[in-house]
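Examination of the molecular architecture
Letter by letter, the chains look like this.
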Amino acid sequence: MCGILAVLGVGDVSLAKRSRIIELSRRLRHRGPDWSGLHSYEDCYLAHQRLAIVDPTSGDQPLYNEDKTVVVTVNGEIYNHEELKAKLSSHKFQTGSDCEVIAHLYEEYGEEFVDMLDGMFSFVLLDTRDKSFITARDAIGICPLYMGWGLDGSVWFSSEMKALSDDCERFISFPPGHLYSSKTGSLRRWYNPPWFSESIPSAPYDPLLIRESFEKAVIKRLMTDVPFGVLLSGGLDSSLVASVVSRHLAETKVARQWGNKLHTFCIGLKGSPDLKAAKEVADYLGTVHHELHFTVQVCYLLFFLLYRGRNILKYYSLTKSQEGIDALEEVIYHVETYDVTTIRASTPMFLMSRKIKSLGVKMVLSGEGSDEIFGGYLYFHKAPNKKEFHEETCRKIKALHLYDCLRANKSTSAWGLEARVPFLDKNFINVAMDMDPECKMIRRDLGRIEKWVLRNAFDDEEKPYLPKHILYRQKEQFSDGVGYSWIDGLKDHANEHVSDSMMMNASFVYPENTPTTKEAYYYRTVFEKFYPKNAARLTVPGGPSVACSTAKAVEWDAAWSKLLDPSGRAALGVHDAAYEDTPEKAPASMVDPVTEDVFRPAHVESLVPAAAV
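Small disclaimer: the values here were computed from a predicted structure and weren't measured.

Considerations on the packing of aromatic side chains
One pass over the structure, following the stated rule, counts 32 aromatic pairs. Each ring, one from F121 and one from W190, has its centre 6.1 Å from the other, and the planes form 25°; the classification is stacked. Of this pair, F121 sits in strand β6 (residues 119-127) while W190 sits in the loop between β12 (186-189) and α4 (207-220), and the two are 69 residues apart along the sequence. The same class applies to F121 as to W190, namely buried. What links up through ring pairs into an aromatic cluster is the set F113, F121, F123, W190, Y191, W195 and F196. Its end group placed over the ring of Y465, R247 keeps NZ or CZ at 3.5 Å from the ring centre. Here R524 stacks its cationic end above the ring of Y338, 4.3 Å away from the centre of that ring.

This is the structure we're talking about:
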């Protein structure tokens, strides 16, 4: 991933302003540590921080047409750039960059070329001949983009909020599948697939079509001139990505450059469900597997002190290695959200990305998007009918740019690592969303668990893609699969920092998206430290959710309104490790006889020295 910053129509064209834009662009350097570029034309500036994946030697940005009258700064990958270049035979290309094709397509087709692009992208294009400009974001919002307005009348665009939040009076998250044109001064949606209307499709289930379209989506994302790998959690989605890559790697250009041995990566607490399943998949596929561990937080120490002849129960916490908790503030700074689910899942991904980059890998494939397309979250078990099932999948896909896409992109880009997501391929989404949603419905009476249509499509008896029990493994949300004690530890950490009185006044302190738990309150305080403006708060979605549902789906089960937690374990009666309907009363021995507070010990790894007692 790269970082882009464009400022157009500034009121001040002094050297100081140019220096300020360079300074702000440096805030995006983590996204593109390989090279920096800046093009200025009168009162317009296009800056770029490059992560070199395709054509590392000559693809520095900004990019131009032949006479440099059209300038473009791009974050993303255009997978069909060779096919598009073939349609532009009269044009002369100056680099091997897949993104240069955007400047030439604009010359040939004007503003109407964006739907021709097959890839993930956000870009700003300046036509110096009339000083007009256009900005566009990919169909689903895989690549982040923000738009802002300065008091001097300038218009700003940035890959991340941190580069424009200080200098813009107002800013928004640029909507996915949209284009902004300075000629009209307005946004318009360029991505208009049939499923967007949420009308119920009727095409029959075709498992071979599902399989073939997904394999094509994976293969096209092997376009790289640098080492790559696959994020492998051991769940269905990432395991299928790894399996397809393993089958086709030998026939690709990247195998000739870097070898045909696939590298896979997994992170979790020791003994977590994901680590075990990922190791089994890696062994089955024969990958070079890298297992990474992280720790949660403090371990609790319990002992008695003699004070004036009384035994008084005391709690002590000894700080141990706690990478997860220590990284929280940095994670929130990078992912730019206070959404609970996103932060829970971003932290292990953030830690893993740093390790991956240290091994020389610059690009990874990941499994985001499948649960939204196929209704894979456990709360879909309670969908009352196919109409509501389908409408919920549509809502989930439309919101991906605020949740999983944001997490996958910014958690990895924080360390100069690019994440590609084959499930969000435009053609694959069209195939999967054109299917009669009755086929996707979870039917225990027919032996159909969540995402049965996808599992069945890859259930090949002759040439198995995966071991059977992995292919039919129950859904684990990433923040759960890394280890259940991760979420429990986060809640304990928040309880130490947020008091009951703070929660009582939460609606007055945070009237927008008021936090309803101490964990949410804690994340909000960290977020506001970095991004204090109201415009920043409004870029984060809100509303009730259970097991990652939308607010509408909470209505499917009356019991969910009493347990609004985004963890998959909140899907009562569905998850194998679901929360209990009512919390158990703590045993008397675990209650402080003075304060009557419940003591919740973690594993104690060592006792205090005898001298301390």
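Remarks on the confidence of the model for the protein chain
For the protein chain, per-residue confidence averages 87 on the pLDDT scale, and residues scoring 70 or more make up 86% of the total. Contacts of residues 298-321 to residues separated by more than four positions or lying in other chains number 59 contacts, the stretch itself having pLDDT below 50. In this model, residues 578-613 is a region of pLDDT below 50 whose contacts with residues beyond four sequence positions or in other chains number 49 contacts.

Notes on the pairing of strand β7 (residues 132-137)
Across the six residues of β7, six count as buried, placing the element largely inside the fold. A two-sided burial pattern is seen for β7, the buried positions comprising S132, I134 and A136 on one face and F133, T135 and R137 on the other. Here six bridges tie β6 to β7, and the two strands are oriented antiparallel to one another. When the sheet's bridge partners are listed, L126 is paired in β7 with F133. Here β6 folds back onto β7 in antiparallel fashion, the turn holding four residues, of which K131 has a positive phi close to 60°. Both β7 and strand β11 (residues 178-181) contribute to a ladder of three bridges, which runs antiparallel. The partner of T135 across the bridge, within β11, is Y180.

Points about the environment of P422
Along the polypeptide, P422 turns up in the loop between β19 (418-420) and α14 (426-433). The exposure class of P422 is buried, given its relative accessible area of 0%. Each C-alpha atom, one on P422 and one on F214, is 7.2 Å from the other, the two residues being 208 residues apart in sequence. Apart from the residues within four sequence positions on either side, P422 is in contact with F214, A217, V218, R221, V241 and S366.

Remarks on the pattern of salt bridges
In the structure shown here, the tally under the stated rule is 45 salt bridges. With a closest N to O distance of 3.2 Å, D225 and K253 form a salt bridge. Placement of the pair is D225 in the loop between α4 and β13 (228-231) and K253 in helix α6 (residues 253-258), with a sequence separation of 28 residues. Residue D225 is classed as buried on the basis of its relative accessible area, which comes to 14%. For K253, a relative accessible area of 48% puts it in the partly exposed group. We note a salt bridge from D557 to K382, for which the minimum N-O separation is 2.4 Å. Pair noted here: D557 is in the segment after α22 (534-537) and K382 is in the loop between α11 (370-374) and α12 (386-398), with a separation of 175 residues, a long-range link. Judged by its relative accessible area of 16%, D557 falls in the buried class. On the basis of relative accessible area, K382 is assigned to the partly exposed category, the value being 27%.

Parameters and conventions
- Residues numbered from 1 in each chain as written.
- Predicted model: local features only at pLDDT ≥ 70, side-chain atom pairs only at ≥ 80, totals over all residues.
- Heavy atoms only, no water.
- Phe/Tyr/Trp six-rings, centres within 6.5 Å; stacked < 30°, edge-to-face > 60°.
- Helix = DSSP H or I, 4+ residues; strand = E, 2+ residues; numbered from the N terminus.
- Buried < 20%, exposed > 50% of the residue type's maximum accessible area, 1.4 Å probe, protein only.
- Lys NZ or Arg CZ within 6 Å of the ring centre and 35° of its normal.
- pLDDT = per-residue confidence, 0-100.
- Contact = heavy atoms within 4.5 Å.
- Pairing = 2+ DSSP bridges.
- Salt bridge = Lys/Arg side-chain N within 4 Å of Asp/Glu carboxyl O.

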